Amino acid sequence: MLDQGTAPPAAGNGKRNPQPPAGLGSRLMRRKPVERLVAEGGQGEGGTLRRSMGMWQLTMISIGATLGTGIFVVLGDAVPKAGPAVIVSFVIAGITALFSALSYAELAGTIPVSGSSYSYAYATLGEIVAWVCGWCLILEYGVSVAAVAVGWGQYLNELLDGTIGVTIPASLANPPGAGGGIFNVPALLVVLLCMAFLLGGAKESARANTIMVVVKIAALLLFCAVAFQGIKAGNYSPFMPLGLAGMSHAGASLFFSYIGFDAASTAGEEAKNAQRDLPRAIMLSLVIVTALYCLVAAVAVGAMPWKQFDGAEAALAGIMKDVTGQGFWSVLLAAGAVIAIASVVLTVLYGQTRILFAMARDGLVPKTFAKVHPKSGVPRSNTLIVSAFCGILAAAVPLDELADATSIGTLFAFALVNVAVVVLRRTRPDMKRNFRVPLGWLFPALGFAMCVYNMLNLRTVTWMVFGGWMVVGLVIYFAYGMRSSRLAREAAADPAPAEA
């Protein structure tokens, strides 16, 4: 059984909660029992999260966090790297995501908690690995919020220009160092707007996200219908002008666009039936998103020569205008993009707060991130702090560096999830699983290999940023997290050796 309804005692019971030896290796590799992770679900400082989401809302969170990023924002950066072969790049990134999504689906149905891959690693691979995974998730979620918010201003300007003939000056619409930017005001604005939704409660945020998801799917289908008329066969030739390396590099960068199902897994403690609905929502959302990504990319590169994507802002809206010769359609698409990108910011920001909530509950980050408002059921301080950080980051850092940094953090966390599936099957083979990855260890192994492959295709500067991030994270863990973790405090309160 996964959950008997109560958590094992914190201390004083050597049989149910044996204390690890005092050695450094044992302290770093201490694991949190699955049953305890599940039993503590929803519990915060001063209140509890509310279970209010069904499968439909969970699927919409997945799609909301995914659909929009790769098409509306990053497509203009990816096409110059791969040419028309960007279509295959989306497939490569989608297949990589699929193998990891299968592993996520199994673990989400077995350990339905807010911590996502951080919690899965804590239950299987040990505290130090869990911390590294959680630190990667902070990079993945926090930075991706900022990266997506940066692109929001591009489409907002397109919308303003087409409706009232006024645009935000480049100095206030772009981040420093990009197009004469000084401070990206729209990026900060969209983060603050999404923060306001999140403070209203998970149910209210999910409802708003569902509306936005429906609007952006309609906008993308409209783009395909209109831009299809402008497709020229010659735009697909040569199909792979920058070779396999360019296609692979684009695929690695585009993996940034497939983190939506990871966001769904962070809603485990606010789902009505997480063990049943999370695996279904993860797989369904990935299928829908991949199909739409490939369809839109195929139409876009067919309607506009691939070299013209270089430096193009709001590329899809520009294609609509060129094909029809009318500004109306591009304005309509820009309006859809403004809503679509806001939905990504909303859901990914939600995921970031829930991961920090889980880490704070375990004592690895300050407890203020686990405080829940008793009336709204929202981690209010957590939401305010994360939103302020992401908003400032979005306003001050260029998009390309943000996207690649997010990709490497995502890939690393997903690689660990594939390992966690195999480890949990070996250590707890009889545990009830509502969903199992097919073909035993083969798919998790493929997922791990493809994550590593995509990581190796990222730039050296991205690896340097990632390495620096990891060093900072380990310093924080050894200076704070290792001693303040709940498991460490419980071991100190009950110093009886494990053999007793």
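**Q** So what's going on with the overall build of the chain? Residues and values would help.
**A** Broken down by element type, the chain carries 21 helices and zero strands. With 500 residues in all, the chain has 58% of them scored as buried. For the chain, the exposed area adds up to about 18,300 Å²; of that, 67% sits on carbon and sulfur atoms.

**Q** Report on unusual backbone geometry, specifying residues and quantitative values.
**A** Omega for the bond connecting Ser 237 with Pro 238 falls within 30 degrees of zero, at -5°, which places this linkage in the cis form. Inspection of the secondary structure puts Pro 238 in the loop between helix H11 (202-227) and helix H12 (243-254).

**Q** Tell me what's going on with the packing of aromatic side chains, and back it up with residues and numbers.
**A** Scanning the entire structure with this criterion turns up 11 aromatic pairs. When the centroid spacing of 5.2 Å and the interplanar angle of 40° are considered together, the rings of Phe 90 and Tyr 293 count as tilted. In this pair, Phe 90 sits in helix H6 (residues 86-110) while Tyr 293 sits in helix H14 (residues 274-303), placing the two residues 203 residues apart along the sequence. A residue is classified by how much of its surface remains accessible, and Tyr 293, at 0% relative accessible area, is buried. Taking the centre distance of 6.2 Å and the plane angle of 90° together, the rings of Trp 463 and Phe 466 count as edge-to-face. One end of the pair, Trp 463, and the other, Phe 466, are both in helix H20 (residues 460-484), three residues apart, so they sit about a helical turn from each other. Taken together, the ring pairs in this structure connect Trp 131, Trp 135, Trp 469, Tyr 477 and Phe 478 into an aromatic cluster.

**Q** Now, about the packing of H6 against H12: what can you tell me, with residues and values included?
**A** Helix packing for two helices is described by the angle between their axes and how far apart those axes are. At a minimum axis separation of 8 Å, H6 and H12 run at an interaxial angle of 50°. One way to sum up the angle between H6 and H12 is to call them oblique. Judged by the twist between their axes, the crossing of H6 over H12 is right-handed. Mapping the contact onto sequence places Val 86, Val 88, Ser 89, Phe 90, Ile 92 and Ala 93 in H6 and Met 247, Ala 250, Gly 251 and Leu 254 in H12.

**Q** Give a detailed account of the environment of Ala 271, specifying residues and quantitative values.
**A** Looking at the element boundaries, Ala 271 is found in the loop between helix H13 (260-265) and H14. Along the chain, Ala 271 and Ser 114 lie 157 residues apart, while their C-alpha atoms are 9.9 Å from each other. Among all residues touching Ala 271, those that are not within four sequence positions of it are Arg 51, Met 53 and Leu 58.

**Q** Before we move on, can you summarise a nonpolar patch on the surface with the specific residues and values?
**A** A surface patch of nonpolar side chains, about 330 Å² in accessible area, is lined by Leu 172, Ile 182, Phe 183 and Val 185. With respect to the helices, strands and loops of the structure, Val 185 is situated in helix H10 (residues 185-199).

**Q** Please provide a residue-by-residue account of the confidence of the model for the chain, values included.
**A** This prediction gives the chain a mean pLDDT of 79; 88% of its residues lie at or above 70. The element-level mean pLDDT for the chain is lowest in helix H4 (residues 69-73), coming to 65, with H10 highest at 88.

**Q** Give me the lowdown on the environment of Leu 442, citing residues and values where you can.
**A** Considering the arrangement of structural elements, one finds Leu 442 in helix H19 (residues 442-456). On the accessibility criterion, Leu 442 (34% relative accessible area) is partly exposed. Spatially, the C-alpha atom of Leu 442 lies 9.6 Å from that of Val 422, the residues being 20 residues apart in sequence.

**Q** Help me get a handle on the packing of H20 against helix H21 (residues 486-493), residues and values and all.
**A** Their axes nearest at 5 Å, the elements H20 and H21 cross at an angle of 55°. Between H20 and H21, the interaxial angle falls into the category oblique. Side by side, H20 and H21 meet where Met 482, Arg 483 and Ser 484 of the first sit next to Arg 486, Ala 488 and Arg 489 of the second. Grouping the amino acids of the contact of H20 with H21 by side-chain chemistry returns two nonpolar, one polar and three charged.

**Q** Describe the pattern of salt bridges, naming the residues involved and giving the relevant values.
**A** Tallied over the entire structure, the rule returns three salt bridges. Among the ionic pairs, Arg 425 bridges to Glu 106, the shortest N-O distance being 2.7 Å. One end of the pair, Arg 425, is in helix H18 (residues 399-427); the other, Glu 106, is in helix H6, and 319 residues separate them in sequence. The residue Arg 276 makes a salt bridge to Asp 277 at a minimum N-O spacing of 2.7 Å. On the basis of relative accessibility, which here comes to 2%, the residue Asp 277 falls in the buried class.

**Q** Mind laying out the side chain of Thr 290, listing which residues take part and the relevant values?
**A** Locating Thr 290 in the fold gives a position in helix H14. Sequence-distant contacts of Thr 290, that is, excluding residues within four places in its chain, are made with Gly 94 and Tyr 258.

**Q** How would you sum up the environment of Asp 362? Please name residues and give values.
**A** Relative to the helices and strands, Asp 362 is located in the loop between helix H16 (327-361) and helix H17 (380-396). Separated by 125 residues in the primary sequence, Asp 362 and Leu 487 have C-alpha atoms spaced 7.7 Å apart. When neighbours within four sequence positions are excluded, Asp 362 is seen to be in contact with Lys 32, Glu 40, Tyr 118, Tyr 122, Ser 485 and Arg 486.

**Q** Residues and numbers for helix H5 (residues 75-82), please.
**A** Buried within H5 are the following residues: Leu 75, Gly 76, Ala 78, Val 79 and Ala 82. All buried residues of H5 project into a common sector of 160° when viewed along the axis, lining one side. Gly 83 lies just past H5 and shows a positive phi near 70°.

Conventions adopted
Residues numbered from 1 in each chain as written. Predicted model: local features only at pLDDT ≥ 70, side-chain atom pairs only at ≥ 80, totals over all residues. Heavy atoms only, no water. Helix = DSSP H or I, 4+ residues; strand = E, 2+ residues; numbered from the N terminus. Buried < 20%, exposed > 50% of the residue type's maximum accessible area, 1.4 Å probe, protein only. Areas by Shrake-Rupley, 256 points an atom, 1.4 Å probe, with all protein chains shown as cover. Phe/Tyr/Trp six-rings, centres within 6.5 Å; stacked < 30°, edge-to-face > 60°. Axes fitted to C-alpha atoms, helices over the stretch in contact; angles between N-to-C directions. Parallel < 35°, antiparallel > 145°, perpendicular 65-115°, else oblique. Left-handed = near helix turned anticlockwise from the far one by under 90°. Contact = heavy atoms within 4.5 Å. Patch = residues over 30% accessible without salt bridge, like charges linked within 9 Å, V, L, I, M, F, W, Y side chains within 5 Å. Salt bridge = Lys/Arg side-chain N within 4 Å of Asp/Glu carboxyl O. pLDDT = per-residue confidence, 0-100. Nonpolar A, V, L, I, M, F, W, Y, C, P; charged D, E, K, R; others polar. Arc of directions from axis to C-beta.

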